[in-house]
Amino acid sequence: MLTANGVTKTFGGLTAVDDVTFEIGEQEIVGLIGPNGAGKTTLFNTITGVHPPNAGSITFNDAELTGMEPHQIARLGVARTFQTARTFNESSVLENVVVGAVFGNESSPSLDAAEDRAHDCLEFVGLDGRGEEEAGSLTIADRKLLELAKGIAAEPDLILVDEIGAGLTGAEIATITDTLERARAERGISVFWIEHVMEAIMSSTDRIIVLNQGRKIADGSPAEVRDDPQVAEAYLGGVEV
């Protein structure tokens, strides 16, 4: 599905992502961890076309993404959420998700079909019955669920999730985690997930990729990553996960 080979991104003299290679398969949940400044969000930006890489190749279902605009990549089946939910706060909850259904892929559904899909996605994330509320009135946790619904409404093959647990309680994180797991199990969506909440990422992923100072230092099962001394040193300062 997604293959990155030798991806490098520099900003002036700073190398934010340094020769990173990895793959994400169909219906796989893969975590991406590392200390602040490790290059995680920059790597997401290279995949989604926000900051194209200076070197390397990124392919998705055999299509080369390098050089494409973000909207073109989204229409190929790559959705994304952000650490700070980017909802249209003056629009209704339903209208937010309709945007994902209409503009998020190449299917170009009718408005009626998009609204039907939006209602289905709101029910999927637990926001059914709240479609007429203004998005800006929602709690942080519900706005993150709304953004996830908007992404799912695009019917992607892969969704990139950037620290969706930031600022949430343990119960709210559990709800988000369950929703991501169901997105894979019930809708066949692969998930590439940046997270600092280690309990969530360790219990819910098939594999974890670790970045440090822009370089990939580990790629394995949660147990393998947990026991990797290089990861413990880089990410936790030597404290066991």
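Further up the page is the structure itself.
Reading guide: rules and limits
- Residues numbered from 1 in each chain as written.
- Predicted model: local features only at pLDDT ≥ 70, side-chain atom pairs only at ≥ 80, totals over all residues.
- Heavy atoms only, no water.
- Helix = DSSP H or I, 4+ residues; strand = E, 2+ residues; numbered from the N terminus.
- Buried < 20%, exposed > 50% of the residue type's maximum accessible area, 1.4 Å probe, protein only.
- Contact = heavy atoms within 4.5 Å.
- Areas by Shrake-Rupley, 256 points an atom, 1.4 Å probe, with all protein chains shown as cover.
- Lys, Arg positive; Asp, Glu negative; His and termini not counted.
- Charge placed at Lys NZ, Arg CZ, Asp CG, Glu CD.
- Core = buried A, V, L, I, M, F, W, Y, C linked by side-chain atoms within 4.5 Å.
- Pairing = 2+ DSSP bridges.
- Axes fitted to C-alpha atoms, helices over the stretch in contact; angles between N-to-C directions.
- Parallel < 35°, antiparallel > 145°, perpendicular 65-115°, else oblique.
- Nonpolar A, V, L, I, M, F, W, Y, C, P; charged D, E, K, R; others polar.
- Salt bridge = Lys/Arg side-chain N within 4 Å of Asp/Glu carboxyl O.
- Left-handed = near helix turned anticlockwise from the far one by under 90°.

A.B. asks: Please provide a residue-by-residue account of the overall build of the chain, values included.
C.D. replies: Scanning the chain from terminus to terminus reveals nine helices and ten strands. Projecting the C-alpha coordinates of the chain onto the three principal axes gives extents of approximately 50 × 40 × 30 Å. The proportion of buried residues among the 241 residues of the chain is 51%. Sequence separation of 24 or more characterises 67% of the internal contacts of the chain that already satisfy a separation of 6 or more. Summing over all exposed atoms, the chain offers an accessible surface of approximately 10500 Å²; the carbon and sulfur share of this is 46%. With 17 positive and 39 negative side-chain charges, the chain shows a separation of 4 Å between the mean positions of the two kinds.

A.B. asks: Account for the nonpolar core, naming residues and giving values.
C.D. replies: The nonpolar side chains of a soluble globular protein tend to be buried with one another. Val-97, Leu-122, Leu-146, Ile-152, Trp-193 and Val-210 are the most contacted members of the largest nonpolar core, which has 45 residues in total. Looking at this core element by element, the count peaks at seven residues for helix H5 (residues 140-153). With residues near it in sequence (within four places) discarded, Val-210 still touches Ile-33, Arg-215, Lys-216, Ile-217, Ala-218, Val-225 and Val-231.

A.B. asks: So what about unusual backbone geometry? Which residues, and what values?
C.D. replies: Its identity is not glycine, yet Gln-27 carries a phi of approximately 50°, on the positive side. Mapped onto the fold, Gln-27 is located in the loop between strand E2 (14-24) and strand E3 (29-33). Owing to a relative accessible area of 43%, Gln-27 belongs among the partly exposed residues under this scheme. Even without being glycine, Glu-163 reaches a positive phi, approximately 50°.

A.B. asks: Run through the pairing of strand E8 (residues 190-194), naming residues and quoting values.
C.D. replies: Counted residue by residue, E8 has five buried out of five residues, so it is predominantly covered. Summarising the sheet, E3 and E8 pair through four bridges and their orientation is parallel. Looking across to E8, one finds that Ile-29 is bridged to Val-191. Strand direction decides the pairing type here: strand E7 (residues 158-162) and E8, joined by five bridges, are parallel. Its bridge partner being in E8, Ile-159 is matched across the sheet by Val-191.

A.B. asks: Describe the packing of helix H4 (residues 111-125) against helix H6 (residues 170-187), and please don't skip the residues or the numbers.
C.D. replies: Where H4 meets H6, the axes come as close as 10 Å, and the angle between the chain directions of the two elements is 130°. The orientation of H4 relative to H6 falls into the category oblique. Every residue of H6 that contacts H4 at Asp-120, Cys-121, Phe-124 and Val-125 is listed here: Thr-179, Arg-182, Ala-183, Glu-186 and Arg-187. Residue composition of the contact of H4 with H6, by class: four nonpolar, one polar and four charged.

A.B. asks: Explain helix H1 (residues 40-48) residue by residue, including any values.
C.D. replies: Counting buried residues in H1 gives eight out of nine residues, a clear majority hidden from the surface. Three or more residues of H1 are buried, namely Lys-40, Thr-42, Leu-43, Phe-44, Asn-45, Thr-46, Ile-47 and Thr-48. Phi for Gly-49, located one or two positions after H1, is positive at around 85°.

A.B. asks: So what's going on with the pattern of salt bridges? Which residues, and what values?
C.D. replies: Taken as a whole and judged by the stated rule, the model has twelve salt bridges. Among the salt bridges present, the one from Arg-187 reaches Asp-120, with a minimum N-O distance of 2.8 Å. One end of the pair, Arg-187, is in helix H6; the other, Asp-120, is in helix H4, with 67 residues separating them in the sequence. A residue is classified by how much of its surface remains accessible, and Asp-120, at 34% relative accessible area, is partly exposed. Two residues, Arg-226 and Asp-227, come together in a salt bridge whose shortest N-O distance is 3.3 Å. Judged by its relative accessible area of 39%, Arg-226 is partly exposed.

A.B. asks: Give a description of the packing of helix H3 (residues 93-103) against H5 that names residues and reports values.
C.D. replies: Following both chains from N to C, one finds H3 and H5 inclined at 30°, their axes separated by 6 Å at the closest point. Where H3 crosses over H5, the two elements pack in a sense that is right-handed. In contact with Val-93, Asn-96, Val-97, Gly-100 and Ala-101 of H3, H5 contributes Leu-146, Ala-149, Lys-150 and Ala-153. Class assignment of the residues belonging to the contact of H3 with H5 gives a composition of six nonpolar, two polar and one charged.

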